[in-house]
Every structure is written in structure tokens, then in C-alpha cells.
Amino acid sequence: MKGLKRVRLKIKGIVQGVGFRPTVYKHATNNGVSGFVVNTPDGVTVELEGTKRQVEDVINLIIQEPPRMSKITESVTEWIETTGASDFVILKSTNSGAKETEISPDISICQECSKEIFDVNDRRYLYPFTNCTNCGPRFSIIKDRPYDRPNTSMRDFKMCDACNKEYNDPTNRRFHAQPNACPVCGPKIFIINKNGLDEVDVMNKTISDIKGGKLIAIKSIGGFNIACDAFNVSSVERLRNKKKRGTRSFAVMMKDLDVVTRFCFVGKKELKILTSQIAPIVILRKKNNELDHISPDNNYVGVMLPYTPLHKILMKDIDVLVMTSANRADEPIAVNDGQALSLLDEGLVDSILSNNRDIINRCDDSIIQHVDGVNILIRRARGYVPNGLTVKDLDDANKISLGADIKNTFSLKKGKKIYVSQYIGDLDDPRNVQYQEQQIDEFKKLLDMDASVINIDAHPGYANYNKNRNMIYHHHAHALSVMAENDLLGKDVFAVICDGTGYGDDGNVWGFELFKIGKKYKNYKRHAHLDYFLLPGGDVCSREIDRIAVSLCSEANLENIPNIDSKRKELVNNLISSKINCYKCSSLGRLFDGVASICGISNLSLYEAQAAMLLQRYAENFKGKILSKYKIEIINGNIDYRSLVRELVRDINSGSRKEELAYKFHLWIKDSILLFINSEKPKNIVFSGGCFQNSLLLKLILEDLNKYKDLKVYFNQDFPSNDGGISLGQSVI
């Protein structure tokens, strides 16, 4: 036929495992266009043949109306010779060529599948592995690209005739849904307990055990969780004791939004995040004290909704479950029956709800909080990983960046794209170091890349330290992570970096830093910082925080230190006088600790940031009116804390309540930052570091910054502001 045109369209991005090919098929057949669509290692290739108008209409539909979980990062069209084809077909995937296609993250169950599992007439009624192209596991089950069933842990499950028919029907939402399965042909659940294996009435027995107060290890998409009845206080306390968790918060899973709103305040933005297909844990403010035994040290609780069919079925008669990682302390979460059995043998759980689908890539639940328009990603894992970030101003060299020791992630840079790993954990545990090494190998395989450049944190005590590698200073990496995420590389930036501990270029412990970074972003100028104070005894101060209180008061020439006995004060002062194992520190995190101790809130911090959380809780509970603020003094260009400490002690001695002390301290931090912003008048300002996970501090800062018309303010939002974002910042050097 005359007037026909044919175009080849090459598309890159998240275009596999998300229903892209059936969507293209629908657009093409609805518009009378012939040709084909095929998965390739670098994305999807489409050839369209028809009139010029028909072809252009289909191209526009493909680009403008792709599947909701897809993400097109690049599309290239090329007009080619016509072939006279009469039909549009979906071809078998090709394996030749560079592996460049994006891998979809694991995504929560969709509405259609949710309806099916509770429809007694549906063949997938109460089937815990129900999924389609719009939902289900992706990253956690993939071994290689392209994303086809033989390259996943579903390869051993041969589809029955009914599933195979769906899989091969381009009009069906399960067309080429790689994890497609049903009760006849798919994975199966079973219970493991001290009596052996039980495959009969598994879900009802598990629900009964939970209601009876037992601790159950449950195999989810990216690893095992431990679940128990959130309102069975003895079960929760037993779990705390078994995991040696002290008063650290647990995350909870709530049945539905009605339950969530019964216990928590939920804003529109939080609601959107909570119900998204990422389905992360969302930090919500508690409405009452009914969940205080779940999160004793703060006013918030981490909440997620059921995100798999198994969770939906499990919670049909349960309102709230504690849902925490199945591990001991900070080791990697269990991903197979052998690891879960070790928890059973040690009495950490009473039984295991498992299944016979392998987890290829371990992936924790993501954690996020929303503060006045800013998303603060605390842990980036399920639902986000392995999405990449394109940074246009980078060179094309491949690099591996190994991140920090705490809340570790690593990053692989392939060309101008950076792939940040899932949360690995703290590298002081050798098992997490091994986990990191394994996942680096998996990522290199998935991305089909190698790299000779390895970037590390400059701290000589970190697990990945090697003097022959490319060393990047901790707080510079924090700043660069925000700049990379917000397309600021090469622009003049004022950076405010506040955290607990980072190694500085003078060999001291940094943590309240004000940088100037210009067009040559691989360098930085330390414009100002919190004035140094000593950490008597070094790292032990992060636990025994009364040492910091004594140090601060000593610097402020205060003899009478509230809330610390004389013998303890004498011991610490002797350490300071000897100068043995005492380190200079400018950390805001350690200042939080010292102030919490001075105020009598706590003299010990039993887990990371506990004292800071307690201080935040006291500040948020302050209901009075502030009549005066703590004075800010600048000495030699740096923020002095001595007058703050003296005024704090004065208020304590005059009988001020802890709530007022804590709130005024938060105001002092905010005003200290604003003082420099007012004097420097930057156009672009970036904030990063774990201290900005403090929602009260962040709100106070944002309230003032919103008054500045010409100031552009940037935060980490799709990557963590804590040390989980360090590897991203390292990757741009």
C-alpha cells in the first residue's frame, strides 16, 4: 500500500516487567498499525508500520501513556524501510547486546489482584502469590537481564495451562508477568516449627498463633520479618528482649487506612506515600498513647500497609502487627529457611511461615517521613531499588563507591547513571561486609559492568578503608549527594551538613559543617563549623553521653554540673586533663547527646540517636510560650556553644522544665544556621546529614526559610540524608 511509513523506536528505562509490551500492543492494534515489540538487554525495541499519521499517533501514546510503573529515560526514533507486515506481534526477548534496561523495584499488590484474592469464585482465592504486570516482586527475584522468567527465581515453576494462557494473551494484564502463578502451579507456603514441616491450613494456623501471643518469622518479598500481635504487650516485650532491642521503636503493619487513622495523624502527602505502590514504612505521629510500648522514646511510629497478597490474607482478622526484620541486632535479615531456622533454634521465634520461592536479592522495607513538603528518606530499599539516577554533568567512567560504615549503601556508576544499592546495614558486623561484597557482585552482573575506580570514605577506621583507593571526605559526600540529586553540580552552593560523626580533613570528628562549593564541585571550602569540644574516651562517648556533658561544661568553665554526680565528673575531668584518648569534635549529633545529659533527660544512649530522639520528644511536648532565646556567639568565625551551655545550666538551676530547655535548644540550632544564611545570602542552599531526620528541627528551619523569596533550598528526597546517601555523593568524584 502506498503512503505507508515504518519507524523503529528504541526505548530505555524501567520498561520491563511493568506491562510495557502489552501496552504497546494495545496502542498499535487499536490504531491499525502493524510491526512488533521486543524486550532487549538495553530496553524495548518497537517497529511500527502504517500511515504517517497512524505511526505518529502510536508513538505519542507510547511516550505519553506508558504503564504506571514504567519510567522512560530515553527514546530514539528512526524511519526505516517498510516490510509490508500485516499484523502487530510481540516477539520473544533477545539476549544479545549491552545490558542497559532498568530493573523494576518490587511493588505492592494492585487493586485488581487484591479483589481476586478475596473473591471466593476466583481461582486465586486466598492465594498468597497472586500478581500481574502491575504488581509483585521484581528486583528480589531477578538473577539476570532481560527480565524474563528463566532469569528469575520463578524459572522452576512451570505454568499450568490456565496461567500459560494468561501469560501469552497480549490483552490480559498478566501477559508476560514473569512471576505469574496460581495455586495449581505456583509457589506454596508452609509452616516450619520444632515438630517439623506443616502444609495443612497454613494461614489459619499462623493467624491463630499470632493471636495466641507467638512470635512468627514470615517470609516476605525481600526477606523474613518477625511478626507478633502489637497489642500483646508481653509478646512485644519478649521480642524486645530476644532481639536485645531495648526501647528502640518497632515498625507496625496496619490492616487498612481506617486502622491507621484510628491511631495516627495522617496528612494528604503521607496518605499518598502510604498507599503508593512503593508502600514504604511511613513515620506518623501517634494520636494517643496506645502504641507507646511500640515506640517508647518518641511521638511517632513507623506504619506500613499490607503490601503483598500474603500480608493481606494474614491481616484480614488482625488490626495491627509488629513487623520487624528477622535478624539478631544489626545483622542482615534472613532470606532463606536455613537462616530462619537458626532464629527458631535460638528461641527468637516460635515458628516460621515460609515458602518455596527463592529470594535472590535481599531487600528491607523502605522508611520515609514527610515534613512540610519535604520527603525525608530514612532507609531506601524495597520499592526504590534498583532505580538509577542520571546525572548529566558527570564523566563516563565506571566507578564503585563503598559508602560509610553506618547505614551502609554502595553505589555503582555506569556512565552518567548512578545505581545506589539497597540498605546494607552497619559494617562493624562482618556479616554485613560479606553481604555488601555479595551484592556488589550481583549489581555488577545485573548492570554488565566493571570498574577500576573505587571511592571510599576517608575515615581510616572504616571497614572499606584502603589508602590506595580514592578517598572522599564524609561531609563533602553528604553535600554532593544533594547536589547530584537536584542537578546542582557546577553551581555555587552553600551547604549545611549536620550529623553524628564524620572524619574531617584535619583528622578531627566533624558534624556541624557549613561549606561553600563552587563550579569545581570536587573541592570544597569549610566556611564555618561548630567550635570544637573534646570527646573524653573517644567512641565510648556515643554511649556514655554524660562524658560529653562534663566536657561541654568544662569548656564553659562551669564547676557545678546538673544531673551528674561528683565522682563521675571527677573521673571524666581527669580524662580531659590527661588528654589521653580525647578527640576534638564539632558534631551536632554529639552536642544533642551532651545537652540531653545536661538537661537530665538521659546519661546513656543505648542505640544510635536515642538521646536526640528523647530531646526532640521533650521539645515537641512543650506547650508554653518562649520568653527568651539562647544567645548565639560566633568565635573566630565558628559557632560557639559555651554561652548556650551556661544559659542551659542557668535555666536548669532556676527550675525550668525539660520541655522548655529542649525546645529552646532546637531554636538555638535553627537560629545558628539562619545567622550564616543571613550573612552569606546564598542563592542555593543544600541540607544533608542525619540530624535533619529530626522533624521538629526541620519544621523550624523550613518555617523561616519559606520567608526568603530568592533562596532556593534543596534536600535529599529520593535518597537518604543520613549515611545511606554517602555512596551517592562519593559517586560524582
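1. Focus: the overall build of the protein chain
If you tally the helices and strands in the protein chain, you get 20 helices and 32 strands. For the protein chain, the spread of C-alpha atoms along the three principal axes comes to 95 × 60 × 50 Å. Of all intrachain contacts in the protein chain linking residues separated by at least 6 positions in sequence, the fraction that spans at least 24 positions is 72%. The protein chain carries 100 positive and 91 negative side-chain charges, and their two centres are separated by 2 Å.

2. Let's talk about the packing of helix α15 (residues 588-598) against helix α17 (residues 642-653)
Where α15 meets α17, the axes come as close as 11 Å, and the angle between the chain directions of the two elements is 25 degrees. Considering their axes alone, α15 and α17 lie roughly parallel with respect to each other. Relative to α17, α15 is oriented so that their crossing is right-handed. Of the residues in α17, those in contact with Leu 591, Val 595 and Ile 598 of α15 are Leu 644, Val 645, Leu 648, Val 649 and Ile 652. Its residues assigned to classes, the contact of α15 with α17 shows eight nonpolar, no polar and no charged.

3. Side note on the side chain of Asp 457
Mapping Asp 457 onto the fold places it in strand β22 (residues 453-457). The buried charged residue Asp 457 lacks any salt bridge partner; its closest oppositely charged side chain belongs to Arg 469, at an N-O distance of 12 Å. Within polar-contact distance, the side chain of Asp 457 engages the side chain of His 474 at 2.8 Å. Apart from residues lying up to four places away in sequence, Asp 457 is in contact with Gly 403, Ala 404, Tyr 462, Tyr 465, Ile 472, His 474, Ile 726 and Gln 730.

4. Considering helix α5 (residues 202-211)
Taken as a whole, α5 has its buried residues at Val 202, Met 203, Thr 206, Ile 207 and Ile 210. Angular distribution of buried residues about the axis of α5 spans 130 degrees; they occupy a single face of the element. Following α5 by one or two positions, Gly 213 adopts a phi angle in the positive range, close to 95 degrees.

5. Some points on the sheet that holds strand β5 (residues 88-90)
If you trace the five strands from one edge of the open sheet to the other, you get β4-β1-β3-β2-β5, paired in mixed fashion. Each having just a single partner strand, β4 (71-80) and β5 make up the two edges of the open sheet. For this sheet the average axis-to-axis angle between neighbouring strands, irrespective of direction, equals 15 degrees. Pairing of strand β1 (residues 4-14) with strand β3 (residues 43-51) involves eight bridges; the strand directions are antiparallel. Along β3, the bridge assignment pairs Lys 10 with Thr 45. Lying over the sheet, helix α1 (residues 20-30) contacts β1, β2 (34-40), β3, β4 and β5, oriented at roughly 175 degrees with respect to β5. Sheet strands in contact with helix α2 (residues 52-64) are β1, β3 and β4, and its direction is about 150 degrees off that of β3.

How each quantity is defined
Residues numbered from 1 in each chain as written. Predicted model: local features only at pLDDT ≥ 70, side-chain atom pairs only at ≥ 80, totals over all residues. Heavy atoms only, no water. Helix = DSSP H or I, 4+ residues; strand = E, 2+ residues; numbered from the N terminus. Contact = heavy atoms within 4.5 Å. Lys, Arg positive; Asp, Glu negative; His and termini not counted. Charge placed at Lys NZ, Arg CZ, Asp CG, Glu CD. Axes fitted to C-alpha atoms, helices over the stretch in contact; angles between N-to-C directions. Parallel < 35°, antiparallel > 145°, perpendicular 65-115°, else oblique. Left-handed = near helix turned anticlockwise from the far one by under 90°. Nonpolar A, V, L, I, M, F, W, Y, C, P; charged D, E, K, R; others polar. Buried < 20%, exposed > 50% of the residue type's maximum accessible area, 1.4 Å probe, protein only. Salt bridge = Lys/Arg side-chain N within 4 Å of Asp/Glu carboxyl O. Polar contact = N/O pair within 3.5 Å; in protein donor to acceptor, adjacent residues only side chain to side chain. Arc of directions from axis to C-beta. Pairing = 2+ DSSP bridges.

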